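Chain by chain, the residues run as shown.
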Amino acid sequence: MNTQTLSPLQTQAQGGPEVEERPRVDQADRPLHELTEDPRYIGRSVERPSARKLVQGQGTYIDDIELPRMAHVVYWRSPVAHCRITRIDAQASRGMPGVILVADGHDLAKICKPWVAVLGHLAGMKSAPQYPLALERACWQGEPVVAIVAETREQAEDALQLLHVEFEQLPPVVDMETALDAATPLIHPELGDNLCFTRSLDVGSVDEAFAKADAVVETTFEFGRHTGVTLEPRCQIAEWNAADQKLTVYHSFQAPHMMQDLYARQFDLPESSVRVVCKEVGGSFGIKVHAYPDDFATVALAIMCRRPVKFVADRIESFISDIHARHHRVKGRLAANKSGEILAFEIDDLTGIGPYSMFPRTSAIEGNQVVNLVGGPYKHKNYRAHLKVVFQNKTPTCQYRGVGHPIACAVTEGLVDLAARAIKMDPLELRKKNVIPDDAYPATGASGIKLEVLSHEACLRKIEQMMDYPRIKAEIAELRKQGIYRGIGFATLIELTNPSAAFYGVGGARIASQDGCTIRLDPSGAISVSVSVGEQGQGNDGIYRQIAADAVGVDLEKVRLVLSDTDVTPYGGGTWASRGAGVGGEAVLLAGQALRANLLKVAAVILKRDVAGLAIRRGQVVDASSLEPVLPLAELGRIAYFRSDTLPNDFTPELMVTRHYAQRDYPFIFTNGVQASYVEVDPDTGFVKLLKHWAVEDCGRVLNPKLVDEQIRGAIVQGIGGALFEECLYDNEGLMRNASMADYLVPMSGEMPDIDVAHVQTPTRSSQLGAKGAGEAGTAGAPAAVMNAINDALAPLNAQVWSQPITPEKVLRALGRVA
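Thresholds applied
Residues numbered from 1 in each chain as written. Predicted model: local features only at pLDDT ≥ 70, side-chain atom pairs only at ≥ 80, totals over all residues. Heavy atoms only, no water. Helix = DSSP H or I, 4+ residues; strand = E, 2+ residues; numbered from the N terminus. Rg over C-alpha atoms; globule rule 2.2 N^0.38 Å. Buried < 20%, exposed > 50% of the residue type's maximum accessible area, 1.4 Å probe, protein only. Areas by Shrake-Rupley, 256 points an atom, 1.4 Å probe, with all protein chains shown as cover. 1 Å grid on protein atoms, 1.4 Å probe; cavity = no way out; pocket = protein on both sides within 12 Å on 5 of 7 lines; lining within 4 Å. Points joined across faces, edges and corners; volume = space filled by probe spheres on them. Nonpolar A, V, L, I, M, F, W, Y, C, P; charged D, E, K, R; others polar. Pairing = 2+ DSSP bridges. Right-handed = clockwise from strand over helix to strand, strands pointing away. Expected span 1.5 Å × (residues − 1). Axes fitted to C-alpha atoms, helices over the stretch in contact; angles between N-to-C directions. Contact = heavy atoms within 4.5 Å. Phe/Tyr/Trp six-rings, centres within 6.5 Å; stacked < 30°, edge-to-face > 60°. Arc of directions from axis to C-beta. Parallel < 35°, antiparallel > 145°, perpendicular 65-115°, else oblique. Salt bridge = Lys/Arg side-chain N within 4 Å of Asp/Glu carboxyl O. Polar contact = N/O pair within 3.5 Å; in protein donor to acceptor, adjacent residues only side chain to side chain.

Asker: Explain the overall build of the protein chain residue by residue, including any values.
Answerer: If you tally the helices and strands in the protein chain, you get 21 helices and 33 strands. Relative to the compact-globule value of 28 Å for 819 residues, the protein chain shows a C-alpha radius of gyration of 28 Å, a close match. Expressed as lengths along the three principal axes of its C-alpha atoms, the size of the protein chain is roughly 90 × 75 × 50 Å. Each of the 819 residues in the protein chain was classed as buried or not, and the buried ones make up 64%. About 28,800 Å² of surface is accessible on the protein chain, with carbon and sulfur atoms providing 49% of the total.

Asker: Outline empty space enclosed by the protein, supporting the account with residue identities and numerical values.
Answerer: Here the largest cavity defines a volume of roughly 100 Å³. If one sorts the elements of the lining of the largest cavity by residue count, helix H19 (residues 705-725) sits on top with 4 residues. Split into classes, the residues belonging to the lining of the largest cavity amount to 6 nonpolar, 7 polar and 1 charged. Of the pockets and cavities examined, the second largest cavity occupies roughly 80 Å³.

Asker: Residues and numbers for the pairing of strand S10 (residues 215-223), please.
Answerer: What you see with S10 is a clean split: Ala215, Val217, Thr219, Phe221 and Phe223 sit on the buried side and Val216, Glu218, Thr220 and Glu222 on the side with no burial. Pairing of S10 with strand S17 (residues 328-336), which is carried by 9 bridges, proceeds in the antiparallel orientation. Within S17, the residue paired with Ala215 across the bridge is Ala336. Where S10 lies against strand S33 (residues 803-804), 2 bridges are found, and the strand directions are parallel. Bridge assignment links Glu222 to a residue of S33, and that residue is Ser803.

Asker: Please set out the layout of surface pockets residue by residue, giving values where relevant.
Answerer: There is about 1,000 Å³ of room inside the second largest pocket. Forming the boundary of the second largest pocket are 43 residues, of which Glu727, Leu729, Gln804, Pro805 and Lys810 lie nearest the centre. Taken together, the elements giving at least two residues each to the lining of the second largest pocket come down to S10, S17, strand S31 (688-698), H19, S33 and helix H21 (808-814). Among the residues forming the lining of the second largest pocket, the class breakdown is 18 nonpolar, 10 polar and 15 charged.

Asker: Can you break down the pairing of strand S25 (residues 559-563) residue by residue, with the values?
Answerer: Where strand S24 (residues 527-531) meets S25, 5 bridges bridge the pair, whose relative direction is parallel. Looking at the pairing, Ile527 lines up with Val559 of S25. Crossover connection from S24 via helix H16 (residues 540-552) to parallel S25: handedness right-handed.

Asker: Break down helix H9 (residues 293-305) for me, citing the residues and quoting the values.
Answerer: Since the α-helix turns once every 3.6 residues, residues separated by three or four places project in the same direction. Spanning 13 residues, H9 covers 18 Å between terminal C-alpha atoms, matching the ideal 18 Å at 1.5 Å per step. Summarising burial for H9: 12 of the 13 residues are buried, a large majority. Taken together, the buried positions of H9 are Pro293, Asp294, Asp295, Phe296, Ala297, Thr298, Val299, Ala300, Leu301, Ala302, Ile303 and Cys305. With its phi angle positive at about 55°, Arg306 sits one or two positions after the end of H9.

Asker: Please give an account of the sheet that holds strand S14 (residues 274-277) that cites residues and values.
Answerer: By way of backbone hydrogen bonds, the strands of a sheet pair with one another, either parallel or antiparallel. The mixed open sheet is built from 7 strands, whose spatial order is S5-S7-S3-S15-S12-S13-S14. Two strands close off the open sheet at either side, each with one partner strand: strand S5 (99-104) and S14. The mean angle between the axes of side-by-side strands here comes to 20°, regardless of whether they run parallel or antiparallel. Where S5 lies against strand S7 (residues 144-150), 5 bridges are found, and the strand directions are antiparallel.

Asker: Quick rundown of the environment of Leu460? Include the residues and the values.
Answerer: Tracing the backbone shows Leu460 in helix H14 (residues 456-467). In this structure Leu460 comes out as buried when scored by relative accessible area, which is 1%. Separated by 294 residues in the primary sequence, Leu460 and Glu166 have C-alpha atoms spaced 61 Å apart. In this structure Leu460 touches Leu428, Arg431, Lys432, Val435, Thr492 and Val674, once residues within four positions along its chain are discounted.

Asker: Report on the sheet that holds strand S27 (residues 620-623), specifying residues and quantitative values.
Answerer: Read from one edge to the other, the open sheet built from 3 strands follows the order S26-S27-S28, with strand pairing classed as antiparallel. At either margin of the open sheet sits one strand with a lone partner, and together these are strand S26 (614-617) and strand S28 (629-632). Neighbour to neighbour, the strand axes of the sheet diverge by 30° on average, direction disregarded. Alignment of S27 against S28, held across 3 bridges, turns out to be antiparallel. The partner of Gln620 across the bridge, within S28, is Pro632. Packed on one face of the sheet, helix H17 (residues 580-607) meets S26, S27 and S28 and runs near 125° to S26.

Asker: I'd love a proper account of the environment of Leu350, names of residues and values included.
Answerer: Mapped onto the fold, Leu350 is located in strand S18 (residues 342-352). Put simply, Leu350 and Ile323 are 27 residues apart on the chain and 18 Å apart in space, counted from C-alpha to C-alpha.

Asker: Residues and numbers for the packing of aromatic side chains, please.
Answerer: Summed over all chains, the structure comprises 15 aromatic pairs. Aromatic pair Phe221 and Trp802: ring centres 5.3 Å apart, planes at 75°, arrangement edge-to-face. Here Phe221 is found in strand S10, whereas its partner Trp802 is found in the loop between helix H20 (777-794) and S33, with 581 residues between them in sequence. Per residue, the accessibility class of Phe221 equals that of Trp802, and both read buried. Measuring from centroid to centroid gives 6.3 Å for Phe296 and Phe359, while their planes differ by 45°, and the two rings are tilted.

Asker: If you had to explain helix H15 (residues 469-480) to someone new, which residues and values would you point to?
Answerer: Here H15 is 12 residues long and its end C-alpha atoms lie 17 Å apart, about the 16 Å a rise of 1.5 Å per residue gives. For H15, every residue scored as buried is listed here: Tyr469, Ile472, Ile476 and Leu479. Take H15 and look down its axis: the buried residues cluster within an arc of 95°, on one side only. Close packing links the buried residues of H15 with helix H13 (427-434), H14, strand S22 (485-497), strand S30 (669-681), S31 and H20.

Asker: Can you lay out the packing of H17 against helix H18 (residues 633-642) for me, pointing to particular residues and giving the numbers?
Answerer: Axis separation between H17 and H18 bottoms out at 11 Å; the angle between their running directions is 75°. Compared by their axis directions, H17 and H18 come out roughly perpendicular. Facing H17, whose interface residues are Leu599, Val602, Ala603 and Ile606, H18 presents Leu633, Leu636 and Ile639. Across the contact of H17 with H18, the residue classes tally to 7 nonpolar, no polar and no charged.

Asker: So what's going on with the pattern of salt bridges? Residues and values would help.
Answerer: The final tally for this structure, using the stated rule, is 54 salt bridges. Between Glu280 and Lys53 there is a salt bridge, with the nearest N and O atoms lying 2.7 Å from each other. Taken together, the residues span a long stretch of sequence, with Glu280 in the loop between S14 and H9 and Lys53 in helix H3 (residues 51-55) at a distance of 227 residues. Of the residues examined, Glu280 reaches a relative accessible area of 16% and is grouped as buried. Assessed through its relative accessible area of 33%, Lys53 is described here as partly exposed.

Asker: Can you lay out the side chain of Asn788 for me, pointing to particular residues and giving the numbers?
Answerer: Within the secondary structure, Asn788 sits in helix H20. Of note is the side chain of Asn788, whose polar atom sits 3.2 Å from the backbone oxygen of Glu413. Asn788 has contacts with Glu413, Gly414, Asp417, Arg421, Arg431, Ile488, Gly489, Phe490 and Trp802, leaving out every residue within four places of it along the chain.

Asker: I'd like a description of unusual backbone geometry, backed by residues and values.
Answerer: Cis geometry marks the peptide bond from Tyr441 to Pro442, where omega comes out at 5°. Within the secondary structure layout, Pro442 lies in the loop between H13 and strand S20 (443-444). Here Asp468, not a glycine, exhibits a phi torsion of approximately 55°, which is positive. On the secondary structure map, Asp468 appears in the loop between H14 and H15. On the basis of relative accessibility, which here comes to 33%, the residue Asp468 falls in the partly exposed class. Even without being a glycine, Ser578 presents a positive backbone phi close to 50°.

Keep in mind these numbers describe shape, not what the thing actually does.
As structure tokens, this is what we get:
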């Protein structure tokens with residue numbers, strides 16, 4: 001049997017270090033000196049340009065911006081999960097000092113169109129129309145209903161206290177397990193049920209594989225909702241210039257051109273009349289790549305008031321308005337032989353989203369990614385999966401760092417560990433026997449994913465050596481004799497990066513898969529580099545400066561960056577899906593190479609020499625053979641800009657170039673890696689102590705070792721947060737019980753282990769630079785590694801925990817210590 005509801009392309013769409021170099025013979029795997037004439041910076045741990053500014057407090061965040069006549073907005077948000085709005089009395093609020101406007105959903109609907117967040121390639125997906133402010137019903141605790149605009153934030157907050165909203169509570173849909181039951185009320189009756197999306201996949205001979213297996217293991221995995229908790233909350237300033245009919249939005253956001261397009265379409269404005277500017281962004285993690293109702297509401301209010309309006313979410317409203325993620329219940333099975341051959345995987349995934357699919361990327365992508373990625377590192381050919389995405393009266397869910405990877409990896413690796421115990425094989429050996437061999441690429445995974453080139457075998461060899469696996473196993477065995485329970489957990493992973501248009505474009509979403517870079521030589525000999533991918537703290541500004549300096553041939557200090565301004569930068573997709581290096585970086589390289597070629601043509605004309613005999617090195621045009629300087633770039637710039645009269649009449653210097661890049665060879669470029677966690681579990685208290693964590697990552701060419709290592713460490717910490725601490729807790733009425741930093745746990749530095757990072761470099765053939773992404777793999781593998789380590793520690797006590805976050809209470813319950 002080999003049936004799929006979607007094509008292989010569609011199944012993908014829906015969804016200074018220690019380094020080992022793997023020999024490659026592909027043209028795209030050229031040495032750096034063949035990409036740039038004088039490679040000095042690519043591959044080095046160079047300081048990123050924004051670092052000093054930020055640590056000195058000189059960054060410009062949204063709340064630092066003050067515009068003339070700027071007003072402030074606050075939102076009255078539904079205090080209950082589901083209600084019908086019967087009456088809004090704003091008379092007292094309108095009379096408060098400083099109040100400029102009080103508006104409800106009907107007021108804003110006159111100028112902002114509703115939206116429906118579906119993608120065409122997710123067959124059968126549905127969602128209801130959504131407005132900037134709720135009209136007749138509010139469908140989750142935190143949905144904005146009324147806006148109050150005042151001269152100051154304090155005046156708006158004071159007026160909010162006098163707003164009187166009457167509502168009739170409606171029964172909420174809270175439990176995703178019963179969301180599709182006949183007795184469960186419909187959130188949107190016009191949709192016919194509470195099902196947003198479903199997908200089935202059946203590849204190979206799954207039933208036959210399970211029937212002939214020597215061992216079949218199964219369990220149910222649970223993953224709690226959590227959210228991004230960015231240092232800077234969501235915020236924006238919308239400024240409407242009525243005279244010019246021009247909208248400018250200062251945004252803490254990841255994809256400014258996407259928002260430019262959405263604002264233009266929702267408000268019927270020409271795209272050229274909308275400018276989106278993103279200055280410093282205090283963290284995003286995917287939280288700031290979605291279009292929220294209050295984004296559109298703030299713009300609408302600025303148009304209505306004809307003055308700038310600032311919105312800054314406070315921490316409490318962030319918990320109930322920022323997207324959540326990761327709410328899944330997955331029933332999983334694995335079939336294996338005594339010899340250690342994995343024969344088949346089977347999963348049933350139920351995921352609860354909010355009452356609406358999130359705009360414009362949709363809330364079905366995460367579940368779809370789980371289906372695509374389960375079993376991904378392994379060479380089995382039999383796979384069955386079923387997915388149901390259901391609506392709930394809870395905060396909407398959508399893409400968050402890793403997008404389905406942590407769930408898929410935990411399910412896959414948890415089942416692999418169960419199989420290892422069942423056939424009495426070492427879990428590392430079982431993985432070695434079953435990963436897709438390094439010499440077997442390109443390959444196609446059981447779900448249909450296309451894998452260009454990965455290095456699982458090399459990564460497993462390296463991590464075994466890094467952690468001294470035999471020594472730790474012996475240490476664990478000895479400590480267990482003393483009543484000390486430690487365990488090791490492994491997680492082999494894949495991560496999709498550098499997405500093509502197969503991710504969103506084929507589904508009709510106007511989200512660019514390409515990015516661009518413009519580089520200009522200034523008269524001083526410096527270069528100005530404008531890139532459509534922004535900087536969110538991950539170090540994109542650092543690598544772009546390195547690439548541009550090497551590609552053109554100038555000192556790092558001679559590179560000036562301009563990012564995230566739709567009036568200035570080339571059009572592009574922005575920063576998401578670990579694409580900053582692989583897509584944005586390649587555009588910078590191509591633009592730099594093109595500018596260097598143009599500069600050499602100009603130099604050849606000025607010097608009356610053959611262009612083939614010239615090169616650019618460290619800000620100088622040099623003789624290609626002797627490397628003797630013959631013309632400084634500053635002098636070239638002076639002549640080209642100010643003394644064009646000295647150049648031939650038929651020659652015009654081209655000192656600014658733009659190049660774009662989109663990955664087209666594969667739907668995605670996958671990275672891979674392996675992580676290991678070493679933990680100790682106290683059976684009396686249920687507390688887990690993290691002792692050590694190891695990660696070996698293959699993200700293609702490493703452009704800046706320190707940045708990559710810290711990205712991986714930060715992502716691992718975020719993954720540990722989901723595994724042990726973070727969960728959005730709801731009561732039976734759909735109200736979030738821990739919507740504050742006093743109650744919502746996040747990982748703290750004192751609780752984190754030392755994290756050792758190493759690399760295998762297998763550059764992608766789809767680009768010259770060979771870079772893949774590195775921003776999400778840490779988050780993808782850490783929960784699985786920690787979960788498996790805890791269960792390894794608990795194995796002698798005949799206890800297992802498959803529900804994340806793995807809290808002391810859950811550990812004690814598994815041990816039978818509490819009911």
